[in-house]
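Observations on the three-dimensional arrangement
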Amino acid sequence: MFKVITGRMIVPNMHLLTLEAPAVAREAKPGQFVIIRAEEEGERIPLSIADWDTQMGTITIVFMNVGRTTARLAQ
Ligand SMILES: Cc1cc2nc3c(=O)[nH]c(=O)nc-3n(C[C@H](O)[C@H](O)[C@H](O)COP(=O)(O)OP(=O)(O)OC[C@H]3O[C@@H](n4cnc5c(N)ncnc54)[C@H](O)[C@@H]3O)c2cc1C
């Protein structure tokens, strides 16, 4: 499980999550995406890496709440 550093709704139905993921942040390149599961046995969904910070070891994703997994992530 990756620790959530920040989670907030930035505009209605759009959410921003910053996650502790140092290994991903170290290797991140523009245009790449991560595969995320909201729960251990949950569906895997792709979400683009919107930002990352190699010093802090964090990545940021921005997503729209459209279905089961994104609703769970938004919670
Ligand atoms: C490479 C890649 C990168 C992606 N990056 C992002 C990202 O950075 N941010 C983001 O919000 N999404 C992104 N997506 C889309 C994201 O993966 C889907 O929104 C997600 O899989 C939905 O999962 P769910 O279980 O919440 O919804 P589901 O229950 O699987 O879908 C619910 C319904 O919503 C529809 N739907 C799905 N996505 C959208 C959408 N964006 N707009 C309108 N209707 C939609 C589906 O067709 C379905 O009918 C990316 C997809 C890919 C392939």
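Refer to the preceding data block for the structure.
Analysis parameters
Residues numbered from 1 in each chain as written. Predicted model: local features only at pLDDT ≥ 70, side-chain atom pairs only at ≥ 80, totals over all residues. Heavy atoms only, no water. Near = heavy atom within 4 Å. Polar contact = N/O pair within 3.5 Å; in protein donor to acceptor, adjacent residues only side chain to side chain. Areas by Shrake-Rupley, 256 points an atom, 1.4 Å probe, with all protein chains shown as cover. Helix = DSSP H or I, 4+ residues; strand = E, 2+ residues; numbered from the N terminus. Nonpolar A, V, L, I, M, F, W, Y, C, P; charged D, E, K, R; others polar. 1 Å grid on protein atoms, 1.4 Å probe; cavity = no way out; pocket = protein on both sides within 12 Å on 5 of 7 lines; lining within 4 Å. Points joined across faces, edges and corners; volume = space filled by probe spheres on them. Pairing = 2+ DSSP bridges. Axes fitted to C-alpha atoms, helices over the stretch in contact; angles between N-to-C directions. Patch = residues over 30% accessible without salt bridge, like charges linked within 9 Å, V, L, I, M, F, W, Y side chains within 5 Å. Salt bridge = Lys/Arg side-chain N within 4 Å of Asp/Glu carboxyl O. Buried < 20%, exposed > 50% of the residue type's maximum accessible area, 1.4 Å probe, protein only.

Observations regarding the site of the ligand
The ligand sits among 14 residues. The nearest are Glu43, Pro46, Val62, Met64 and Thr70. The backbone of Pro46 places a nitrogen or oxygen atom 2.7 Å from an oxygen atom of the ligand. Contact distances for the ligand include 3.3 Å between an oxygen atom and a backbone N or O atom of Gly67. Considered on its own, the ligand offers 930 Å² of accessible surface; in the complex 50% of this is hidden by protein. Of the residues forming the shell around the ligand, the biggest block, four residues, is contributed by strand β4 (residues 44-48). Tallied by class, the residues present in the shell around the ligand amount to eight nonpolar, four polar and two charged.

A look at the layout of surface pockets
Empty pockets left among the atoms are what a rolling probe the size of a water molecule brings to light. The calculated volume of the largest pocket comes to roughly 530 Å³. The wall of the largest pocket is formed by 23 residues, among which Phe2, Leu19, Ile36, Arg37 and Leu73 lie closest to the centre. A breakdown of the residues in the lining of the largest pocket according to their chemical character gives 16 nonpolar, two polar and five charged.

Quick notes on the sheet that holds strand β6 (residues 58-64)
Taken together, the four strands give an open sheet; going across it, the order is β1-β2-β6-β5, and neighbouring strands pair in antiparallel fashion. Unpaired on one side and paired on the other, β1 (4-11) and β5 (51-53) mark the two borders of the sheet. Adjacent strand axes in the sheet meet at a mean angle of 15 degrees when their direction is disregarded. Here β1 pairs with strand β2 (residues 14-20) via six bridges, running antiparallel. Pairing of Arg8 across the sheet is with Leu16, part of β2.

Description of a nonpolar patch on the surface
On the surface, Ile10, Val11 and Val62 cluster together to form a nonpolar patch covering roughly 210 Å² of accessible area. Looking at the secondary structure, you find Val11 in strand β1. Given a relative accessible area of 45%, Val11 falls into the partly exposed group.

Distances and angles like these do not, on their own, reveal function.
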